[in-house]
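# Overview (structure and organization)
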Amino acid sequence: MAFSSHSGPVSPPGTVLAEARHIRQFYHKDSAADVQVLDDVNLSLHVGEIVGLLGRSGSGKSTLLRIMAGLLPPTSGEVLWKGKPLHGPAQDIAVVFQSFALFPWMTVEENVALGLDARGVPAAERDVLVEDAINLIGLGGYENAWPKELSGGMQQRVGLARALVVKPALLLMDEPFSALDVLTAENLRTDLIELWSEQKLPVQSMLIVTHNIEEAVLMCDRIVIASSNPGRIAHVLSVPFAHPRNREDQAFRQLVDHIYALMTQRAPIVSEATLVNSGANGAPVAPAFRALVPVSITMLIGMMEALAAPPLNGRADLPVLAEKLQLELDDLFPLGESLELLGLAELEDGDILLTDDGVHFVLSDLDERKAMMRHALLHHVSLVKMICAALDERSSHTVRAERFREELEASMSPDYAQQTLQTIIGWARFAELFDYDEEGDRFFLEDTTSE
Amino acid sequence: MNYSQLGFSSQPNLLSSITQRYLNRVDVLLLVCVAALAIGVGTAVRHMLGPLVPVAATPVHLEFRYLPGYALRTTLRMFAALALSLVFTFGYATLAARSRRARQLLLPLLDVLQSVPILGFLTFTVTFFLGLFPGRVLGGELAAIFTIFTSQAWNMTLGMYQSLRSVPADLEETARCFGLTSWQKFWRLEVPCAVPSLVWNAMISMAGGWFMVVYSESITVGNTDVVLPGVGSYVGVAIEQQNIAAVGAAIVAMMVVILIYDQVLFRPLAAWAARFRLGTGAGGVQASEPWFLRLVRRTRLLSALGGVLLLGLRKISYLPLGSRNGSVVAPAPASAGRGEWLWRIGIGAIFMVAFYQVWVYGRDTYTLGQIEHVFTLGGFTLLRVISMLVLASLIWVPLGVWFGLNPARARAAQLAAQYCAAFPANLFFPVFVVGIVHFHLTPDIWLTPLMILGAQWYILFNVIAGTSSFPVELLEVCRDLNVKGWFWWRRVLLPGIMPYYLVGAIAASGGAWNAAIASEMAEWGSTTLTAHGLGAYIAQATQKGDMSEVGLGTATMCVLVMLLNTLFWRPFSDYAARRLKLN
């Protein structure tokens, strides 16, 4: 238990430990223009605080964490670590990964000792430190186990012990609990906060990247909310509650609601009209297409039906809906946004409400729903409009998908482009707008080929 | 079987206190074994370095008591080659993985080397090494070892390269985050990632290697007879003297050798390598611990020895050598700099010179008619390979499916097939040849099955693997919907096992091409049987010591193999991987 000794002099609370200045990050591509991941991000971490970096997928929060860890050089801007520019991983910054990142061929003990062995710490000293870290994090007795023998929660404890054993001043955690089940995650969060409050952790500050709003409010002293595409810092909130915190507390619930509201009030969707204007102004060209998260048509319909049903009657508080549907933020938002994109629902102040079209959709039969979806896709999704136009132009009524993939890749990474295309194919198939031939990688109109 | 012992696997202390006395006796036995092995190895090595005995007088005796010694020497050659292959693999694969430029050159080269029939190398290697060490057995030994090396190294290298290129990003980041140097990263991250593929490929390589070692121990290149004491030369002499009993003895000796190799080395190694497999969860069914590995883990002396060894390795692997790799690599600029152009021009120039050389040599040496003739022979051999693949598939696919559908049967058959695949099929050739001579059969037809003798097992064990990993629910659906007969085969099972079958068929095809050189020409005493084909052409040219003919034949076979790969196997397996892969 005597593990609280910090490496080096302990700075008084409030001192700036790490500082990211004007970080911009581009995703490099060989062919077309680069895709921007982070845009002018400034963030400082102080001694004695837990900071939560809250954002959706596409907000570049994991990228920012890697930049602060020195694992990734920013395209421009710099990270100051204890006042000096950071080039590459520093000795007293440690990272905990979402996937645990344990070496399957090392025992728990060997995994924990990794950082010490790399530094050449003498065996006797190393063993003491490893044992302390293992006991601190509640892994005592598991020293000789192989990672695959452990449950996810225990594996993440190994990840934590491995990070703590090098006595880092800063602990960076990349969605550390999102790969765990609800109970395990809660258990680990509570243990970690308890150790932190009792000042048993050898760290001076922690940064937790997460997409779970409640988790951020439960653990952090300060919450930084990032917006998406490209990632920017949208809001900074301080959390005034003392540990341990109670999820059912009125003030706690209010803060969660408030953050939901902040996160739904997104930057306005870039329409093609504003695109042309911003291009003319000489400002950087905003992405022409938005990346679509894979949302299946059945999920969309399920969500609308749940919304329309009696207790909600077409309008719901997002946290409440999340709980009712047992969805996490990262699942709920894409659903809401997709519905909004199609004009079937609207997001407003942390609420979601069905539009008139949405209500009509729910009340319709299958054929009518398909017709409405056709209409919505053609009017609201420019990519679908383009594909349909191209298909109509050709006498063969087929068109290569590669062409559209390339166009998408001009504004997003190849992975997102592929995912977006797949989502659109799924929707279009439901609407019976066009079909896709995977083998030939082409779109085609169903009727013409069957004749 | 021994569940009580298996259950103790995580508590070695408890076990050793119970069975201490028994284990100590085993220790002594093992100590004696190790000493005997050391003496044997020492003697064999001394003989290797001895002066060259006049070729005709190289004493290979057919008495059975000499066989164990010969078998040991054959085994030593194998392991020398394996060590060489490992060193080569580490160097070549690491270079290819680290340097983009090296990769552009090394990968295609590897592709070519893989499709060269190994026995075609023989003429060149024998001549080269005998010239390097005139008058010493060492030259012949090195030639044999190098020949085996050429049969082992390429797939090991490719496997290691692929592992190095697919090191998981999160582990790589962890290594950098905790400040591992490049040396530490290599031994703690990259090599462990490659272990499963290394062990698997080494095992496949060894299977091919036994064939090569038997072939290369007794070889005639022009006027030079190279006879290296070993199982291969023993069989060679037996053929000369028409002694079928000796052939049988050699087969038995080889069976024992491979059984020992399989039990003592390969199975424990494969079980141990499972620890290094990446991926989530338990990773399938845990095979029972091989007895030898259990012995190593439970025996006090051996496990202590292993512990010391591992500790030493850990210390070495954590030596702070190399850069800390802290300064992260900036993304490579998209535009090609001047260096890039110089590099390309250099490569281009080398290629042009090489091409010119080959062209001039080809023009001066070969007539068009000769080339045509060789390609015609290649066509015959191609027909043989295809027909044998079809035949082997017709036999082994239904049988493999039958084995694979029952887990217990599958396991037993799998072990048997792996064992058979490792066995050098060319030891059986004389048995067939005696039959052909005795019944006056047509060599053109009856020599053909020999080429698939060793290669067929690849088809079998891949079909078994495919069938036993076929989802049970899908089979249940078929039973539920009463899907059976030919329809079941055509629409359900064959598509399901196709990716596996293709892996086996491709390996079998490669093996068959290689074996063609050894199988299209066979001798029994003074009788020589020859089938018309490219393999016989190369074998005859080797015996004549005609470098140019060997070169032409080998090159032709190489071209045919590569054409078959690019035009048939690759598109087919791409399609299977895309369409037919289950989950």
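No experiment lies behind these values; they were computed from the predicted model shown.

## Section: the overall build of chain B
Counting secondary structure elements, chain B contains 24 helices and four strands. Here chain B holds 583 residues, and 46% of them are scored as buried. Put simply, of all contacts in chain B between residues at least 6 apart along the chain, 81% involve residues at least 24 apart. Accessible surface, chain B as shown: approximately 29,500 Å² in total, 69% of it carbon and sulfur.

## A few points about unusual backbone geometry
Residues and elements named next belong to chain A. Omega for the bond connecting His-243 with Pro-244 falls within 30 degrees of zero, at -5°, which places this linkage in the cis form. Checked against the element boundaries, Pro-244 lands in the loop between strand 10 (232-238) and helix 7 (250-264). We note that Asp-441 has phi near 50°; this positive angle belongs to a residue other than glycine. As for its placement among the helices and strands, Asp-441 is situated in the loop between strand 15 (435-437) and strand 16 (442-444).

## Topic: the sheet that holds strand 7 (residues 170-174) of chain A
Residues and elements named next belong to chain A. On the basis of which strands lie adjacent, the open sheet formed by six strands has the order 6-7-8-3-9-10 and mixed pairing. At either end of the open sheet lies a strand with only one pairing partner, and these are strand 6 (93-96) and strand 10. On average, each strand axis in the sheet is tilted by 20° relative to the strand beside it, whichever way the strands run. Sheet analysis places strand 7 next to strand 8 (residues 205-210), joined by five bridges and oriented parallel. Bridging across to strand 8, Leu-171 finds its partner in Met-206. Across the sheet, helix 4 (residues 152-164) touches strand 6 and strand 7, and the angle it forms with strand 6 is around 175°.

## Quick notes on the interface of chain A and chain B
On the chain B side, the residues contacting the 34 residues of chain A number 32 residues. Buried surface at the junction of chain A and chain B, both sides included, amounts to about 2,900 Å², of which 60% is carbon and sulfur. We note a salt bridge from Glu-173 of chain B to Arg-66 of chain A, for which the minimum N-O separation is 2.6 Å. Connecting chain A to chain B are five residue pairs in polar contact (both at pLDDT 80 or more). When contributions to the side of chain A that touches chain B are tallied by element, the ones reaching two or more residues are strand 6, helix 2 (108-119) and helix 4 of chain A.

## Remarks on the packing of helix 6 (residues 118-132) of chain B against helix 9 (residues 182-216) of chain B
Packed helix pairs are characterised by how far apart their axes lie and by the angle those axes make with each other. All names here are of chain B. Between helix 6 and helix 9, the least distance of the axes is 11 Å, while the angle of their chain directions is 40°. The angle between the axes of helix 6 and helix 9 places the two elements in the oblique class. Where helix 6 crosses over helix 9, the handedness of that crossing is right-handed. Across the interface between the two elements, Ile-118, Leu-119 and Leu-122 of helix 6 pack against Phe-211, Met-212, Tyr-215 and Ser-216 of helix 9. Looking at the contact of helix 6 with helix 9 residue by residue, the class counts come to six nonpolar, one polar and no charged.

## Quick look at the sheet that holds strand 12 (residues 345-348) of chain A
Each strand in a sheet pairs with another by means of backbone hydrogen bonds, the pair being arranged parallel or else antiparallel. All names here are of chain A. Pairing is antiparallel in the open sheet, where three strands are placed in the order 11-13-12. At either end of the open sheet lies a strand with only one pairing partner, and these are strand 11 (315-317) and strand 12. Across the sheet, the axes of successive neighbouring strands diverge by a mean angle of 15°, strand direction being ignored. Bridging between strand 12 and strand 13 (residues 351-354) involves four bridges; their strand directions are antiparallel. Considered in strand 13, the bridge of Ala-345 is made with Leu-354.

## Structural notes on the confidence of the model for chain B
Detailed reading of the predicted model is not advised wherever pLDDT is low. Residues and elements named next belong to chain B. Overall, the prediction assigns chain B a mean pLDDT of 79, with 85% of residues at 70 or greater. The low-confidence segment residues 49-57 (pLDDT under 50) makes 10 contacts with residues lying over four places distant or belonging to another chain. Within the model, pLDDT remains below 50 along residues 326-334, and this stretch shows 12 contacts once partners closer than five positions in the same chain are excluded.

## Observations regarding the environment of Leu-295 of chain B
Mapped onto the elements of the fold, Leu-295 of chain B is located in helix 12 (residues 291-298). Residues Leu-295 of chain B and Pro-268 of chain B, spaced 27 residues apart in sequence, show a C-alpha to C-alpha distance of 9.9 Å.

Rules of the game
- Residues numbered from 1 in each chain as written.
- Chains lettered and ligands numbered in written order.
- Predicted model: local features only at pLDDT ≥ 70, side-chain atom pairs only at ≥ 80, totals over all residues.
- Heavy atoms only, no water.
- Helix = DSSP H or I, 4+ residues; strand = E, 2+ residues; numbered from the N terminus.
- Buried < 20%, exposed > 50% of the residue type's maximum accessible area, 1.4 Å probe, protein only.
- Contact = heavy atoms within 4.5 Å.
- Areas by Shrake-Rupley, 256 points an atom, 1.4 Å probe, with all protein chains shown as cover.
- Pairing = 2+ DSSP bridges.
- Axes fitted to C-alpha atoms, helices over the stretch in contact; angles between N-to-C directions.
- Buried area = accessible area lost by both parts, 1.4 Å probe.
- Salt bridge = Lys/Arg side-chain N within 4 Å of Asp/Glu carboxyl O.
- Polar contact = N/O pair within 3.5 Å; in protein donor to acceptor, adjacent residues only side chain to side chain.
- Parallel < 35°, antiparallel > 145°, perpendicular 65-115°, else oblique.
- Left-handed = near helix turned anticlockwise from the far one by under 90°.
- Nonpolar A, V, L, I, M, F, W, Y, C, P; charged D, E, K, R; others polar.
- pLDDT = per-residue confidence, 0-100.

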